[in-house]
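Here's the letter readout for the chains.
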Amino acid sequence: MNTTEVSTSRPIKRVLVLDYSQTGQLGEIVGNIIAPLRQGGDIAVHVEPLRPLKPFPFPWGFFSFLDAFPESAHMAPSPLQPLSLTGEEEFDLVILPYQVWFLAPSQPVTAFLKHPLARRLLAGKPVVTVIACRNMWMLAQEKMKGLLQDCGARLLDNVVLVDPSPTMASLLTTPLWLLSGKRDLLRLLPPAGVDAASIRAAGRFGLALRDALRNGQEHGNAPLLGGLKAADSNPHLLVSERAATRSFHLWGKLLRAAGEPGQRRRYPFLLLYVVFLIALILTVVPLSLLVQSLLRPFLRRRFAQLKQRFDQPSGCGTERMHLYGH
Ligand SMILES: Cc1cc2nc3c(=O)[nH]c(=O)nc-3n(C[C@H](O)[C@H](O)[C@H](O)COP(=O)(O)O)c2cc1C
């Protein structure tokens, strides 16, 4: 992604976009969203790359992948290289894309939000979060809301793109992708990651943001991306997310007491933890999904309420899709 600025005689709206993506998946989605913003010459887009001081590897090694979990889950990220921003810049809108790491916003994005500059850049500003992950993002977004609140930002919209394959398949194909760099290592299962059609269709969010900026709608508190199927949550995953978050927190505490990230004395605990995690994935996730499907008739109202809550603020309605070519 380049960091070009556009300038014309029309009043310029300025948009800040944060950029971190290991496989390029989130980068491609964000590229499709900001392309329409750049076309008219009346919106200046500043893309700020987030560069961890010590880069996270891709593909990941087995231990480096596991070793990222305690600090990710505890939102104690490793620091970033200096930003190109000074904090004096004024933006009309902030697009904050992030991937989920161990049910929390990824470390580079968390590091940005905890950086002293973030408060200066984001205070009072409208923010659109864009998530691309496997499919467990609901509690990460709750944590994101807390981070944004600490910066005094106004969350207007949340766009979510997930891997469309069944949960039990993506729980296997995602780590294999992250450890090998190959999306389709197991030919029998669907390829890992967000599907190409959804990535392409993310352009609709850029078109709607362009129109909203031209109409000055970013000054209000209403979502800019309603009716575009921005976030279609699956509250049936909440039981697993809650169980895993609790265990990440406790194991994370133990691991952080055992040593610093990268230290070998963490390894025995990480091995123990991975056995526990696999047991959790093989028991809690399918069991909770099974029990919920058996109880579905009795829990319908509760799930509808949860879905409505987690789809907010942008919602999963489709009524404006036709305006933007879908
Ligand atoms: C360390 C790590 C932990 C992850 N944990 C989760 C998770 O808890 N939930 C989820 O849905 N996806 C998870 N993912 C998948 C990412 O959210 C993301 O989809 C993937 O890493 C590709 O992102 P990229 O744009 O940085 O390439 C994890 C990925 C990594 C690298």
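Residues numbered from 1 in each chain as written. Predicted model: local features only at pLDDT ≥ 70, side-chain atom pairs only at ≥ 80, totals over all residues. Heavy atoms only, no water.

Participant: Sorry, what's going on with the layout of surface pockets here?
Facilitator: A probe as big as a water molecule, rolled over the atoms, marks out the empty space that is left. Estimated volume of the largest pocket: approximately 1100 Å³. What lines the largest pocket is a set of 43 residues, and nearest its centre among them are F65, R134, T174, P175 and L178. If you list the elements that add at least two residues to the lining of the largest pocket, you get α1 (25–39), α2 (62–67), β4 (100–101), β6 (126–133), α7 (167–180), α10 (238–258) and α11 (267–294). In terms of residue count, the dominant contributor to the lining of the largest pocket is α7 (nine residues). (1 Å grid on protein atoms, 1.4 Å probe; cavity = no way out; pocket = protein on both sides within 12 Å on 5 of 7 lines; lining within 4 Å. Points joined across faces, edges and corners; volume = space filled by probe spheres on them. Helix = DSSP H or I, 4+ residues; strand = E, 2+ residues; numbered from the N terminus.)

Participant: Explain empty space enclosed by the protein here, please?
Facilitator: Counted according to the given criterion, the structure contains one cavity of 30 Å³ or more. Each pocket or cavity is described by its volume, and for the largest cavity that value is around 40 Å³. T173, L176, K182, R183, D184, L185, L186, L189, P190 and P191 together form the lining of the largest cavity. For the lining of the largest cavity, the per-class residue count stands at six nonpolar, one polar and three charged. (Nonpolar A, V, L, I, M, F, W, Y, C, P; charged D, E, K, R; others polar.)

Participant: Looking at this model, I keep getting lost on the packing of aromatic side chains. Mind explaining?
Facilitator: Centre distance and the angle of the planes are the two values used to describe a pair of aromatic rings. Applying the stated criterion across every chain yields a total of 15 aromatic pairs. Ring centres of W60 and F65 lie 5.7 Å apart, and the angle between their planes is 85 degrees; this geometry places the pair in the edge-to-face category. The pair W60 / F65 is uniform in exposure class, with both members buried. Residues F65 and F102 carry aromatic rings whose centres are separated by 5.5 Å and whose planes lie at 50 degrees to one another, so their mutual orientation is tilted. Of this pair, F65 sits in helix α2 while F102 is found in the loop between β4 and β5 (104–105), placing the two residues 37 residues apart along the sequence. Of the residues examined, F102 reaches a relative accessible area of 15% and is grouped as buried. Taken together, the ring pairs in this structure connect Y20, F56, W60, F65, F69, W101, F102, F248, W251, Y273 and F276 into an aromatic cluster. (Phe/Tyr/Trp six-rings, centres within 6.5 Å; stacked < 30°, edge-to-face > 60°. Buried < 20%, exposed > 50% of the residue type's maximum accessible area, 1.4 Å probe, protein only.)

Participant: Sorry, what's going on with the site of the ligand here?
Facilitator: Neighbouring the ligand are 20 residues, the closest being S21, Q22, T23, Q99 and V100. Contact distances for the ligand include 3.0 Å between an oxygen atom and a backbone N or O atom of L26. One nitrogen or oxygen atom from the main chain of A132 is found 3.5 Å from an oxygen atom belonging to the ligand. Surface burial for the ligand is 96%, taken as the share of its 620 Å² of free accessible area covered by protein chains. Given that more than half its atoms are within 2 Å of the pocket grid, the ligand belongs to the largest pocket. Of all the secondary structure elements, the ones that give two or more residues to the shell around the ligand are α1, β4, β6 and α7. Grouping the amino acids of the shell around the ligand by side-chain chemistry returns 12 nonpolar, seven polar and one charged. (Near = heavy atom within 4 Å. Polar contact = N/O pair within 3.5 Å; in protein donor to acceptor, adjacent residues only side chain to side chain. Areas by Shrake-Rupley, 256 points an atom, 1.4 Å probe, with all protein chains shown as cover. Sits in = over half its atoms within 2 Å of the grid points.)

Participant: What should I look at first to understand the nonpolar core in this one?
Facilitator: A general feature of soluble globular proteins is that nonpolar side chains tend to end up buried together. The biggest cluster of nonpolar side chains holds 64 residues, and the ones touching the most others in it are F69, F112, L113, L122 and F248. Here this core takes seven residues from helix α6 (residues 138–151), the largest share from any one element. Membership of the second largest hydrophobic core comes to 33 residues, among which are V47, I95, V194 and A202. (Core = buried A, V, L, I, M, F, W, Y, C linked by side-chain atoms within 4.5 Å.)

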